[in-house]
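Observations on the three-dimensional arrangement
Each chain, written out:
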Amino acid sequence: MAMVGEMWSHLGSTMGTLMLVYTVFKQFFPHHLQGSFEKYFNRIVRYAYPYVEITFDEFTGERMKRSEAYSRIKSYLSDKSTASAKLLSMDYNEEITEEFQGVKIWWSAKRTLSKTPRIAIYPADDEKKSYKLTVHKRHRELITQSYISHVMKEGKEIETRNRQRKLYSNNPSQDWDGYRSNKWSNVLFEHPATFDTLAMDAKLKEEIKNDLIKFSKGKDYYARIGKAWKCGYLLYGPPGTGKSSMIAAMANLLNYDVYDLELTAVKENTELRRLLLDTSSKSIIVIEDIDCSIDLTGQREKKTEKDGNEDEHSDPVTKRVKDKKKKNSKVTLSRLLNCIDGLWSFCGGERIIVFTTNYVEKLDPALIRRGRMDKHIELSYCCFDAFKVFAKNYLEVDSHSLFGEIESLLGETNMTPADVAENLMPKSDYDDVETCLKRLVEALKDTKEEAKKKVEDEARLMAEKEEEEKQRKKPEKEEKEQSGKDVKEVKENGVAKVGEEVKEIGVTH
Ligand SMILES: Nc1ncnc2c1ncn2[C@@H]1O[C@H](COP(=O)(O)OP(=O)(O)OP(=O)(O)O)[C@@H](O)[C@H]1O
Ligand SMILES: [Mg+2]
């Protein structure tokens, strides 16, 4: 790419002549005729100007959406040369050229400030950024038919190649300022989980992987069947079974960004809509612990309070966090449903939405019906397949004499993958395979024992309660029996009396 000076020198003589004509005429033309003269003069200039200009703004539509074309051009230009990188970072006054199929194309980056005076907290809000492409009129067709699609294609490839995936979290709306402010904060997404490190049933894992790959390649398929290129996953299961790890594995498999949507920080429908609009394609939008985040708990909360302690068994920290979330809950189920359906229609393609929950039975069927959440995946306690993944990853073994015992223990007790992983992980340099496996065996035996004891304790407690109840009811029963006897006697006497009366009445007759 070279500087654009030559273009201006080429134009210079023509425009110079026109400007001279303009100045002379302005001096000698009567003032009241100058308006019409300027109109015609502009037309002539436009006619004489041999170039077409195409502008690509950073924000499009209702100034809500960051333009994909703009970011692709940015990647394209920054990849072309160090000079263009300079163009992108500097004061937006420089221009550069490139040649495409023998045709010269001029690119310039522009940054303008709003002319309307206003006090801006964030000065960047007043800026408008754009790229301008200039080319000779006679190459207009080449540009619109080939060059732009070439830039978009290359830009996309460069973006994908250089892509550093991000993990986004939504900012509370009071921190949003202006339409270009950041609704999402981001950090680099560096979660190392992959499907290889994910411990779960091997067949199910393969199925999920294939589904995801099929989805990511499904652009044409979705277009053909007339469905938006989106899909929804519901991941459910007890804490520590790998729901969040699976989301990370999905993102790593497909090379997608992750938007972690904290619904309790969202005040209303419009905010939710704007947040979703501001997500990019090739992303996974995650709502963790959906049952705790929205007001679908409205009724259930009351029910739970009345019923007692459904959540009591989950660990206290999780419970505390979830309770706090519930108190802050601002988004209702119907709002969320509207937004998900909206997301399906008003966002571009290639998005996956994932809900997670520990209590699938609490979810309203409307939320998870097919079409919204296409796939429901249960992540459960550690099975032997899952253990083998841990053994391979943590201890680099495929078999061991203790595997048999571990397999049968896993079949007899419920231990989460998180706990299996914790027990299997070497604690020091001296921990060899045998030590780690033995520790797991012991932990499994303990868990089994505890579970057995718990069942026995519960049975004993139940029996004690029943006995207590029996004892409590015994005097009542005796009392009842006694009163029953009295009633019977009274009744018998009553009947006799009535009989007598009848008799008497009969006698009267
Ligand atoms: N299936 C699994 N495969 C691999 N690692 C797992 C798996 N399940 C749990 N782990 C390990 O346990 C830890 C907790 O797992 P994770 O956060 O994925 O569980 P979760 O199901 O999301 O739990 P919660 O319901 O509490 O959010 C992770 O750091 C991970 O290393
Ligand atoms: Mg989780």
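Only a predicted model underlies this, so the values are computations on that prediction, with no experimental measurement involved.

This part takes up the overall build of the protein. In terms of regular secondary structure, the protein is built from 18 helices and 13 strands. Residue burial in the protein is summarised as follows: out of 509 residues, 37% are buried. Put simply, 73% of the contacts in the protein that link residues at least 6 apart link residues at least 24 apart. Accessible area for the protein stands at about 30400 Å²; split by element, carbon and sulfur atoms hold 52% of it.

A few words on the pairing of strand E5 (residues 103-113). Here strand E4 (residues 95-100) pairs with E5 via six bridges, running antiparallel. Following the sheet pairing, Glu98 is matched in E5 by Ile105. Where E4 hands over to E5, the hairpin turn is made up of two residues, of which Gln101 adopts a positive phi near 45 degrees.

Our focus in this paragraph is the nonpolar core. By size, the foremost hydrophobic cluster in this structure holds 28 residues, and its most contacted members are Tyr233, Met246, Ile284 and Ile352. Per element, the largest residue contribution to this core is seven residues, and it comes from helix H8 (residues 243-254). With residues near it in sequence (within four places) discarded, Ile352 still touches Leu212, Phe215, Cys231, Tyr233, Leu254, Tyr256, Ser283, Ile284 and Ile285. Within the second largest apolar cluster, 26 residues are counted, among which are Val266, Ile287, Leu337 and Ile340.

With respect to topology, four strands assemble into an open sheet ordered E1-E6-E5-E4, the strand pairing being antiparallel. Edge strands, defined here as strands with exactly one partner in the open sheet, are strand E1 (51-57) and E4. With strand direction ignored, the average angle separating the axes of adjacent strands in the sheet is 25 degrees. Strand direction decides the pairing type here: E5 and strand E6 (residues 127-136), joined by nine bridges, are antiparallel. Residue pairing for E6: Arg111 is matched across the bridge by Lys129.

Attention shifts here to the site of ligand 1. If you check the shell around ligand 1, you find 14 residues, and the closest are Ala199, Lys243, Ser244, Ser245 and Asn358. Note that a nitrogen atom of ligand 1 is positioned 2.7 Å from one of the backbone N or O atoms of Ala199. Take Gly240: an N or O atom from its main chain is 2.9 Å from an oxygen atom of ligand 1. For ligand 1, whose free accessible area comes to 620 Å², the fraction covered by protein is 72%. For the shell around ligand 1, the elements supplying multiple residues, two or more each, are H8 and helix H17 (417-424). Counting residues per element, the shell around ligand 1 draws most heavily on H8, at three residues. Each residue belonging to the shell around ligand 1 can be placed in one class, and the counts come to six nonpolar, seven polar and one charged.

Another point: H8. Taking 1.5 Å of rise per residue, 12 residues should cover 16 Å, and H8 covers 17 Å from first to last C-alpha, within 8% of that figure. Inspection of H8 places Lys243, Met246, Ile247, Ala248, Ala249, Met250, Ala251 and Leu254 among the buried residues, and these make up the whole buried set. Contacts from the buried residues of H8 go to helix H6 (202-216), strand E9 (230-236), strand E10 (257-260), strand E11 (283-287), strand E12 (351-357) and strand E13 (375-378).

Here we take up the pattern of salt bridges. A full pass over the atoms with the stated rule returns 15 salt bridges. The closest approach of N and O atoms between Arg460 and Asp457, which form a salt bridge, is 3.1 Å. Remark: Asp457 and Arg460 occur in helix H18 (residues 433-508); sequence separation between them is three residues, near one turn of the helix. Residue Arg472 pairs with Glu469 through a salt bridge whose shortest N-O separation is 3.0 Å. With Arg472 and Glu469 both in helix H18 and three residues apart, this pair spans about one turn of that helix. Several salt bridges converge on common partners, so that one network encompasses Lys453, Asp457, Arg460 and Glu464.

This paragraph deals with the pairing of E9. Taken across its seven residues, E9 has six buried, putting it largely inside the fold. Looking at chain direction, E9 and E12 are connected through seven bridges and run parallel. Looking at the pairing, Leu235 lines up with Thr356 of E12. Taken together, the four bridges between E9 and E13 define a ladder with parallel strand orientation. Residue Tyr233 lies in a different strand from E13, and its bridge partner there is Lys375.

The rules we used
- Residues numbered from 1 in each chain as written.
- Chains lettered and ligands numbered in written order.
- Predicted model: local features only at pLDDT ≥ 70, side-chain atom pairs only at ≥ 80, totals over all residues.
- Heavy atoms only, no water.
- Helix = DSSP H or I, 4+ residues; strand = E, 2+ residues; numbered from the N terminus.
- Buried < 20%, exposed > 50% of the residue type's maximum accessible area, 1.4 Å probe, protein only.
- Contact = heavy atoms within 4.5 Å.
- Areas by Shrake-Rupley, 256 points an atom, 1.4 Å probe, with all protein chains shown as cover.
- Pairing = 2+ DSSP bridges.
- Core = buried A, V, L, I, M, F, W, Y, C linked by side-chain atoms within 4.5 Å.
- Axes fitted to C-alpha atoms, helices over the stretch in contact; angles between N-to-C directions.
- Near = heavy atom within 4 Å.
- Polar contact = N/O pair within 3.5 Å; in protein donor to acceptor, adjacent residues only side chain to side chain.
- Nonpolar A, V, L, I, M, F, W, Y, C, P; charged D, E, K, R; others polar.
- Expected span 1.5 Å × (residues − 1).
- Salt bridge = Lys/Arg side-chain N within 4 Å of Asp/Glu carboxyl O.

As far as function goes, none of this settles anything; it's purely spatial.
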